[in-house]
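# Notes for the structure review
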Amino acid sequence: AIEGHDLLVSSQTGSGKTAAFMLPALQKLTADCAVSGRGPRILVLTPTRELALQVNKAAMTYGRGLRRLRTLCVVGGSPYAQQLRMLERPVDVVVATPGRLLDHLQSGRIDFGRLEMLVLDEADRMLDMGFVEDIEAIVARTPDTRQTLLFSATLDGVVGQLARRLTRDAKRIDVAAPARESL
């Protein structure tokens, strides 16, 4: 990820995926952005509000040593007006659920002109929840030059098809579930 490759990662919950994408993402933020604007440089899509809040918290925790790190969590169930106010300011990292993010995109409230990295966390769950069209609509508005990291419990079937459409010459990483010791 630090080298800029697109990645397809198959791993189970609890395997350290958030650190695996957030640390390289925050590393990107230490360099100046080549494009001016106030839109995010990093976008993380998650299937649920709870996971989005957890990933946003991890971004703030891991990035606490960075000067002026600005993160925003865009999810349903949070005040829309507050999200609009936050989107008026420059932001580095947006963690979002597809439905609410698409609402903001369609109303012209968010610009992906500066976007450098797109992360799809738990892509299999997002597809199971019916977000494939929302994801494709969001990705269509991102720069072709973006780096894409897709994390999923499986990379077969529909997830694999989506992964091939969204990535360029992606490296594949399969993380085996940790072995359990018998007592």
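The coordinates are above.
Not measured: the values here are computed from a predicted model. (Residues numbered from 1 in each chain as written. Predicted model: local features only at pLDDT ≥ 70, side-chain atom pairs only at ≥ 80, totals over all residues. Heavy atoms only, no water.)

## Quick look at the overall build of the protein
Counting its secondary structure elements, the protein contains seven helices and seven strands. The N-to-C order of helical and strand elements in the protein reads β-α-β-α-β-α-β-α-β-α-α-β-α-β. Against the compact-globule benchmark of 16 Å for 183 residues, the protein has a radius of gyration of 16 Å, which places it among compact chains. Across its three principal directions, the C-alpha atoms of the protein cover 50 × 35 × 35 Å. Of all 183 residues assigned to the protein, the portion counted as buried reaches 48%. Of all intrachain contacts in the protein linking residues separated by at least 6 positions in sequence, the fraction that spans at least 24 positions is 73%. (Helix = DSSP H or I, 4+ residues; strand = E, 2+ residues; numbered from the N terminus. Rg over C-alpha atoms; globule rule 2.2 N^0.38 Å. Buried < 20%, exposed > 50% of the residue type's maximum accessible area, 1.4 Å probe, protein only. Contact = heavy atoms within 4.5 Å.)

## Quick look at the packing of helix α3 (residues 80-87) against helix α4 (residues 98-106)
Where α3 meets α4, the axes come as close as 12 Å, and the angle between the chain directions of the two elements is 60°. In terms of axis orientation, α3 runs oblique to α4. Crossing hand, α3 versus α4: right-handed. Contact residues: α3 offers Tyr80, Gln83, Leu84 and Leu87, while α4 offers Arg100, Asp103 and His104. Looking at the contact of α3 with α4 residue by residue, the class counts come to three nonpolar, two polar and two charged. (Axes fitted to C-alpha atoms, helices over the stretch in contact; angles between N-to-C directions. Parallel < 35°, antiparallel > 145°, perpendicular 65-115°, else oblique. Left-handed = near helix turned anticlockwise from the far one by under 90°. Nonpolar A, V, L, I, M, F, W, Y, C, P; charged D, E, K, R; others polar.)

## With respect to the layout of surface pockets
Estimates place the volume of the largest pocket at around 270 Å³. In terms of lining, the largest pocket is formed by 13 residues, of which the most central are Leu29, Arg41, Arg67, Arg70 and Asp92. Considered class by class, the residues forming the lining of the largest pocket number five nonpolar, one polar and seven charged. (1 Å grid on protein atoms, 1.4 Å probe; cavity = no way out; pocket = protein on both sides within 12 Å on 5 of 7 lines; lining within 4 Å. Points joined across faces, edges and corners; volume = space filled by probe spheres on them.)

## As for the side chain of Asp121
Along the chain, Asp121 turns up in the loop between β5 (117-120) and α5 (123-128). Although Asp121 is buried, it makes no salt bridge; Lys17 carries the closest opposite charge, 4.3 Å away. Excluding residues within four positions of it along the chain, Asp121 makes contact with Lys17, Thr18, Phe21, Val44, Leu45, Thr46, Pro47, Leu51, Val55, Met126 and Phe151. (Lys, Arg positive; Asp, Glu negative; His and termini not counted. Salt bridge = Lys/Arg side-chain N within 4 Å of Asp/Glu carboxyl O.)

## Concerning the sheet that holds β5
What the seven strands build is an open sheet, ordered β3-β4-β2-β5-β6-β1-β7; its pairing is parallel. The two strands at the open ends of the sheet, each matched to only one other strand, are β3 (71-74) and β7 (171-174). In this sheet, neighbouring strand axes are inclined to one another by 15° on average, regardless of whether the strands run parallel or antiparallel. Sheet contacts for helix α2 (residues 49-62): β2 (42-45), β3 and β4 (93-96); angle to β3, the most-contacted strand, approximately 180°. (Pairing = 2+ DSSP bridges.)

## Digging into helix α6 (residues 132-140)
Taken together, the buried positions of α6 are Ile135, Ile138 and Val139. Taken end-on, α6 shows its buried residues confined to a sector of 95°, consistent with a single buried face. In α6, those exposed residues whose orientation departs by more than 90 degrees from the buried face are Glu133 and Ala140. (Arc of directions from axis to C-beta.)

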